[in-house]
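Structure assessment
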Amino acid sequence: MKTDSEIQKDVMDELKWEPFLRASEIGVAVKNGIVALSGTVDTYGKKVSAEKAAKRVAGVKAVAEEIEVKLSHDGKRTDIEIAEAVVNALKWHSAMKEDKIKVKVESGWVTLEGEVDWEFQRNAARTMVEDLLGVVGISNNIKVVSKLSPTEVKQKISSAFHRSATVDSDKITIGVDGTKVILTGKVRSYAEKRDAENAAWLAPGVNKVDNKLEIDLNVFSY
């Protein structure tokens with residue numbers, strides 16, 4: 001099992017691996033496997049990239065992200081300009097029905113609202129906004145509307161787990177309460193915990209995943 005110092009070094013190395021990040025701008029602290037990121041970046045996309053990089057590192061249990069976005073002069077946009085850019089981005093994405101998504105921008109903070117059929121559409125809307133100039137934060141309030149029964153949702157997630165090369169489906173229990181999925185059991189790493197949650201999110205109609213999976217290396221040792 002990695003020590004906090006080893007995790008810290010690996011996270012710092014992973015940040016250096018990101019081509020658009022300056023690792024020197026981001027502080028990394030680790031306690032009991034929980035990573036705290038701090039510092040200042042000039043775009044919201046860089047903030048997101050730093051968080052994703054930290055979560056990829058083996059041994060990381062959680063990430064507390066305290067990076068601040070301070071736009072450069074060239075990166076500043078009016079709220080109207082940002083709103084127009086968001087609407088245009090949604091319009092040109094083949095998976096989105098832009099007429100179902102409402103956009104609000106206040107002081108660079110983008111709020112997305114509306115309804116979609118799949119979680120990947122909800123995530124796609126957010127991803128399209130992340131790298132737009134002038135954005136300092138995002139509230140993704142888009143809801144996924146369920147068209148399947150809880151039993152059908154559970155069956156689809158279970159099938160996805162069995163197809164996965166990284167998820168041990170025998171150690172995970174799937175619960176479905178309306179449109180919420182509850183995952184319990186044991187996993188070998190944060191990456192497996194994340195992959196299981198991602199697979200659950202891909203089921204149609206799921207709008208919340210309560211990931212209660214515990215990381216326990218010992219239960220898988222032989």
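Our structure's up above, just so we're on the same page.
All of the points below concern the structure found in this document. (Residues numbered from 1 in each chain as written. Predicted model: local features only at pLDDT ≥ 70, side-chain atom pairs only at ≥ 80, totals over all residues. Heavy atoms only, no water.)

1. Some remarks on the overall build of the protein chain
The helix and strand tally for the protein chain stands at six helices and 10 strands. In summary, the protein chain has a C-alpha radius of gyration of 19 Å against a globular reference of 17 Å for 222 residues, a match within 12%. In terms of its C-alpha atoms, the protein chain occupies a principal-axis envelope of roughly 55 × 45 × 20 Å. Intrachain contacts of the protein chain at a sequence separation of at least 6 include 65% that bridge at least 24 residues. (Helix = DSSP H or I, 4+ residues; strand = E, 2+ residues; numbered from the N terminus. Rg over C-alpha atoms; globule rule 2.2 N^0.38 Å. Contact = heavy atoms within 4.5 Å.)

2. Observations concerning the nonpolar core
Within the largest apolar cluster, 37 residues are counted, with the highest numbers of intra-cluster contacts made by Val11, Leu15, Val35, Leu37, Met96, Val110 and Leu112. Ranked by residue count, the leading element in this core is helix α2 (residues 44–56), at five residues. Counting residues in hydrophobic clusters, the runner-up holds 18 residues, among them Phe161, Val187, Trp201 and Leu213. (Core = buried A, V, L, I, M, F, W, Y, C linked by side-chain atoms within 4.5 Å. Buried < 20%, exposed > 50% of the residue type's maximum accessible area, 1.4 Å probe, protein only.)

3. With respect to the sheet that holds strand β5 (residues 109–116)
Taken together, the three strands give an open sheet; going across it, the order is β4-β5-β6, and neighbouring strands pair in mixed fashion. Looking at strand neighbours, the two that pair on one side only are β4 (101–106) and β6 (137–144), the edges of this open sheet. The sheet shows a mean angle of 10° between the axes of neighbouring strands, direction not considered. Two strands pair when backbone bridges link them, and β4 and β5 are joined in this way by six bridges, in the antiparallel orientation. Each residue of the ladder has a partner; that of Lys104, found in β5, is Thr111. (Pairing = 2+ DSSP bridges. Axes fitted to C-alpha atoms, helices over the stretch in contact; angles between N-to-C directions.)

4. Notes on the packing of aromatic side chains
By convention here, two paired aromatic rings are described through the distance between centres and the angle between planes. Counting across every chain of the model gives one aromatic pair. Relative to Phe120, the ring of Trp118 has its centre 6.3 Å away and its plane inclined at 45°; by these criteria the two rings are tilted. When its relative accessible area of 36% is taken as the criterion, Trp118 is described as partly exposed. On the basis of relative accessible area, Phe120 is assigned to the partly exposed category, the value being 38%. (Phe/Tyr/Trp six-rings, centres within 6.5 Å; stacked < 30°, edge-to-face > 60°.)

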